[in-house]
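Structural overview for review
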Amino acid sequence: MERWPALELASTIRHDGDGGVADDLATVEGAARWIQGRSAADLVADEPLRRDLIELRQAVRALFARAVSPAPASPADAHRLMPAEEATARLNAAAAREPVAPQLAWPADGTPTASLLTAEADPHVRLVAALARDAIDFLSGPQRDQLRSCTAPRCVRYFIKAHGRQEWCKPSCGNRARAARHYRRQWGEGGAS
C-alpha cells in the first residue's frame, strides 16, 4: 500500500473514540511520537517544530477540503478552513524553505533512482519542507481525484478511495455509518415512532 505523508499529516486530526476529536500534535510529546512513527526517529521535536507542523497541516487540510469539493469537507475543521489562496501560499513557502536539487543514481547493474540533494542543515526545516513537497505532489497527482472526506458519524479523516464503492476510510466507520442509518430508519429523525 502506498504511503502519502501529506495524508498522514492531515490524519493527525482524528476521531478520539469518545465522540470528540483528538489532535496528535496537541503537545510536543505527541508531535515527537508522530515524527518517530514516520522514520524520523533521530529528530527531536520542540515547540517551534510542532507549530510548523500544525500550520502546514492547516494548509493541507484546507487544500484537501478544496480537493473533495463539492462534497463536504471534514467536519473537524470545515467551519474554520483558511482560504485556498492562503493555504497554497503557506504550502509553497514551507516547501521553499529547503532548496533541493534532484540527483540521479544509476548503478551499472541496476535501475536508476532519483533522490534530492540538500545543503540544509536543520532537520526540522528538512522535515517540514519534505512534507510540504509531498503535499504538492499529492495534490497535483492522480490520487487527488480519489481523495474523499469520510462521511461516517464522528469521523474527521480524509482517505484515498481504493475501489468504486468505498464510502468510508475504514471498516469501523462503515459499521458506524450503517448502524446510524439503521437507527434513523428504525426510530426516525425526530425520536421514537
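Since the model is a prediction, treat every value here as computed from it, not as a measurement.

**Here's the deal with the overall build of the protein chain**
Tallying secondary structure elements over the protein chain gives 6 helices and 6 strands in all. In the protein chain, the succession of helices and strands from N to C terminus is α-β-β-α-α-α-β-β-α-β-β-α. For the protein chain, the residues scored as buried account for 39% of the 193 residues in total. Taking all contacts inside the protein chain whose residues are at least 6 apart in sequence as the whole, residues at least 24 apart take part in 52%.

**With respect to the packing of aromatic side chains**
For the structure on display, the rule yields 3 aromatic pairs. Taking the centre distance of 5.9 Å and the plane angle of 80° together, the rings of tryptophan 4 and phenylalanine 138 count as edge-to-face. Of the two residues, tryptophan 4 is situated in the segment before helix H1 (5-10) and phenylalanine 138 in helix H5 (residues 123-140); the sequence distance between them amounts to 134 residues. By relative accessible area, tryptophan 4 is classed as buried at 15%. Residue class for phenylalanine 138 comes out buried when judged on its relative accessible area of 0%. Judged by centre distance (5.5 Å) and plane angle (75°), the rings of phenylalanine 64 and tyrosine 158 are edge-to-face. Highlighted residues: phenylalanine 64 in helix H3 (residues 47-68) and tyrosine 158 in strand S6 (residues 158-160), separated in sequence by 94 residues. Like tyrosine 158, phenylalanine 64 is buried. Every member of this aromatic cluster is reached through a ring pair, and the members are Trp4, Phe64, Phe138 and Tyr158.

**A short note on the packing of H3 against H5**
Put simply, H3 and H5 touch, their axes get as near as 10 Å, and they point 5° apart. On the basis of their axis angle, the class for H3 and H5 is roughly parallel. Contacts between H3 and H5 involve Leu49, Asp52, Leu53, Leu56, Val60, Leu63, Phe64 and Ala67 from the first element and His124, Leu127, Val128, Leu131, Ala132, Ala135, Phe138 and Leu139 from the second. The class makeup of the residues in the contact of H3 with H5 is 14 nonpolar, 1 polar and 1 charged.

**Topic: helix H4 (residues 84-96)**
Compared with an ideal rise of 1.5 Å per residue, which puts 13 residues at 18 Å, H4 spans 18 Å between its outermost C-alpha atoms and is within 8% of the ideal. Of the positions making up H4, those classed as buried are Ala84, Ala87, Leu91, Ala94 and Ala95. Here the buried residues of H4 occupy an arc of 100° about the axis, which is enough to place them on one side. Exposed residues on H4 whose side chains face more than 90 degrees from its buried face are Glu85 and Ala96. If you follow the buried residues of H4, they end up packed against H3 and H5.

**Some points on the confidence of the model for the protein chain**
Across the protein chain, pLDDT averages 87, with 88% of residues at or above 70. Between the elements of the protein chain, mean pLDDT differs from a low of 66, seen in helix H6 (residues 171-187), to a high of 98, seen in H4.

**Describing the nonpolar core**
Counting 40 residues, the largest nonpolar core has Leu53, Leu56 and Phe64 as its most contacted members. Those elements giving two or more residues to this core turn out to be H1, helix H2 (28-36), H3, H4, H5 and S6. Here this core gets 11 residues from one element, more than from any other, and that element is H3. Discounting chain neighbours no more than four positions away, the residues touching phenylalanine 64 are Ala6, Leu7, Ala10, Phe138, Leu139, Leu147 and Tyr158. Core analysis: the next-biggest nonpolar cluster, separate from the first, contains 7 residues, Ala152, Phe159, Trp168 and Cys169 among them.

**Some words on H5**
An ideal rise of 1.5 Å per residue puts 26 Å on 18 residues; H5 measures up with 25 Å between its terminal C-alpha atoms. Listed as buried for H5 are His124, Val125, Leu127, Val128, Ala129, Leu131, Ala132, Asp134, Ala135, Phe138 and Leu139. On the buried face of H5, the contacting elements are H1, H2, H3, H4, strand S5 (147-149) and S6. Where H5 begins, one side-chain oxygen reaches toward the backbone nitrogen of histidine 124, 2.8 Å away; that side chain belongs to aspartate 122.

Cut-offs used in this document
- Residues numbered from 1 in each chain as written.
- Predicted model: local features only at pLDDT ≥ 70, side-chain atom pairs only at ≥ 80, totals over all residues.
- Heavy atoms only, no water.
- Helix = DSSP H or I, 4+ residues; strand = E, 2+ residues; numbered from the N terminus.
- Buried < 20%, exposed > 50% of the residue type's maximum accessible area, 1.4 Å probe, protein only.
- Contact = heavy atoms within 4.5 Å.
- Phe/Tyr/Trp six-rings, centres within 6.5 Å; stacked < 30°, edge-to-face > 60°.
- Axes fitted to C-alpha atoms, helices over the stretch in contact; angles between N-to-C directions.
- Parallel < 35°, antiparallel > 145°, perpendicular 65-115°, else oblique.
- Nonpolar A, V, L, I, M, F, W, Y, C, P; charged D, E, K, R; others polar.
- Expected span 1.5 Å × (residues − 1).
- Arc of directions from axis to C-beta.
- pLDDT = per-residue confidence, 0-100.
- Core = buried A, V, L, I, M, F, W, Y, C linked by side-chain atoms within 4.5 Å.
- Polar contact = N/O pair within 3.5 Å; in protein donor to acceptor, adjacent residues only side chain to side chain.

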